[in-house]
Amino acid sequence: MKIIGLVASPHGEQSSTRRLVSAILDGAQKAGAQVELVDLAKARIGYCVACGTCYKTGVCPIPDEFNGIYARVKAADGVVWGSPDYFQTVSAQMKAYIDRQADGIHCQMMDGKYGCAVSVAGGPSFQEVVDYLNGVFVAMGGSVVGGVGASASNPGSMDTAEIKARDLGRELVKSIAERRVYPDQEPVHCAMRERFRHLVNLNKDVWAHEFKFWKDKGWL
Ligand SMILES: Cc1cc2nc3c(=O)[nH]c(=O)nc-3n(C[C@H](O)[C@H](O)[C@H](O)COP(=O)(O)O)c2cc1C
């Protein structure tokens, strides 16, 4: 079982977000998973330029580090997304990564995978970032196991969150092993499947990769 954690803070080793993602990965590793942490802020990941090439070929033509990281995410069973709260949303580093998965939402690329999200804010607003990240993961077909966040200005908040993060790592491994179904997320999966089935069919002459992907999955 492979679990990959992506951290999008420019604070490197000093990042509070990284501390919580590392605690999740530590819990997951102790429960038997093989884990990897990727520092998105150190990776060269440019903006999506909306060229639509990934819809046609399944590969982004921008020559940077995105394709390598995305391939590792696609090969994982579990995904942890971590971002600091920047202006009530994710950091630009995380948003650049998310946007580059444009084919990923059309192809419901997180289908069958399990995930959880992390955010640390200076103030109390970390939960909206956790909810945003988990919302994107479900919209991409994935199953969300939980989330954890903390307020850097609240003493004790990080210590409590770190304990919760370790438990969440263990829970993530259990969910993957048991192939848990989360009934509250199923309506979103159904709605996204329906929406993109229609879109991929409509564009089948130009989006050759996506049409074949959907056909091979047996979803059309
Ligand atoms: C550009 C920028 C925007 C930020 N915006 C917010 C914000 O809107 N709300 C908030 O509570 N904290 C905000 N912060 C503070 C960070 O969320 C906080 O320092 C967090 O602990 C950083 O996590 P990290 O150590 O993982 O990078 C902002 C920080 C920066 C640099």
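As a reminder, the structure under discussion sits directly above these lines.
Cut-offs used in this document
Residues numbered from 1 in each chain as written. Predicted model: local features only at pLDDT ≥ 70, side-chain atom pairs only at ≥ 80, totals over all residues. Heavy atoms only, no water. Core = buried A, V, L, I, M, F, W, Y, C linked by side-chain atoms within 4.5 Å. Buried < 20%, exposed > 50% of the residue type's maximum accessible area, 1.4 Å probe, protein only. Helix = DSSP H or I, 4+ residues; strand = E, 2+ residues; numbered from the N terminus. Contact = heavy atoms within 4.5 Å. Pairing = 2+ DSSP bridges. Axes fitted to C-alpha atoms, helices over the stretch in contact; angles between N-to-C directions. Salt bridge = Lys/Arg side-chain N within 4 Å of Asp/Glu carboxyl O. Polar contact = N/O pair within 3.5 Å; in protein donor to acceptor, adjacent residues only side chain to side chain. Expected span 1.5 Å × (residues − 1).

## Some words on the nonpolar core
Counting residues in hydrophobic clusters, the biggest one holds 39 residues, and the most contacted among them are Leu6, Leu40, Ile69, Trp81, Met94 and Tyr97. The set of elements that each furnish at least two residues to this core consists of strand E1 (2-7), helix H3 (66-75), strand E3 (78-84), helix H4 (92-99), helix H6 (126-139), helix H8 (186-202) and helix H9 (208-217). Element by element, the count of residues in this core is highest for H6, at 7 residues. Each residue touching Met94, except ones within four places of it in the same chain, is listed here: Leu6, Ala8, Leu40, Trp81, Gly82, Ser83 and Leu133. Ile3, Ala23, Val145 and Leu172 belong to the second largest nonpolar core, which has 25 residues in total.

## Comments concerning the sheet that holds strand E2 (residues 34-39)
If you walk across this open sheet you meet the 5 strands as E2-E1-E3-E4-E5, and the pairing is parallel. The open sheet has two edge strands with one neighbour each: E2 and strand E5 (143-151). Mean inter-strand twist for the sheet, computed between neighbouring axes without regard to direction, equals 15°. Its contacts with the sheet put H3 on E1, E2 and E3, and the angle it makes with E1 is roughly 140°. Across the sheet, helix H7 (residues 157-178) is in contact with E1, E3, strand E4 (114-121) and E5; its angle to E5 comes to roughly 170°.

## Quick look at the pattern of salt bridges
According to the stated counting rule, one finds 18 salt bridges in the structure shown. Linking Arg100 and Asp64 is a salt bridge whose minimum nitrogen-to-oxygen distance equals 2.9 Å. Residue Arg100 is found in the loop between H4 and helix H5 (102-106), and its partner Asp64 is found in the loop between helix H2 (53-57) and H3; the two are separated by 36 residues along the sequence. Each member of the pair Arg100 and Asp64 is classed as buried. Among the salt bridges present, the one from Lys212 reaches Asp216, with a minimum N-O distance of 2.7 Å. Here Asp216 and Lys212 lie together in helix H9, a separation of 4 residues that amounts to about one turn.

## Here we look at the side chain of Ser9
Within the secondary structure, Ser9 is located in the loop between E1 and helix H1 (16-30). For Ser9, the side chain forms a polar contact with the main-chain nitrogen of His11, separated by 3.0 Å. Reaching out from Ser9, the side chain makes a polar contact with the side chain of Ser15 at a distance of 3.3 Å. If near-sequence neighbours (up to four positions away) are discounted, Ser9 is found in contact with Ser15, Asp39, Ala41 and Pro84.

## Section: H1
The terminal C-alpha atoms of H1, which comprises 15 residues, lie 21 Å apart, in line with the 21 Å expected from a rise of 1.5 Å per residue. Contacts from the buried residues of H1 go to E1, E2, E3, E4, E5 and H7. After H1 finishes, the residue Gly32 shows a positive phi value of roughly 110°.

Geometric descriptors of this kind do not, in isolation, establish any biological role.
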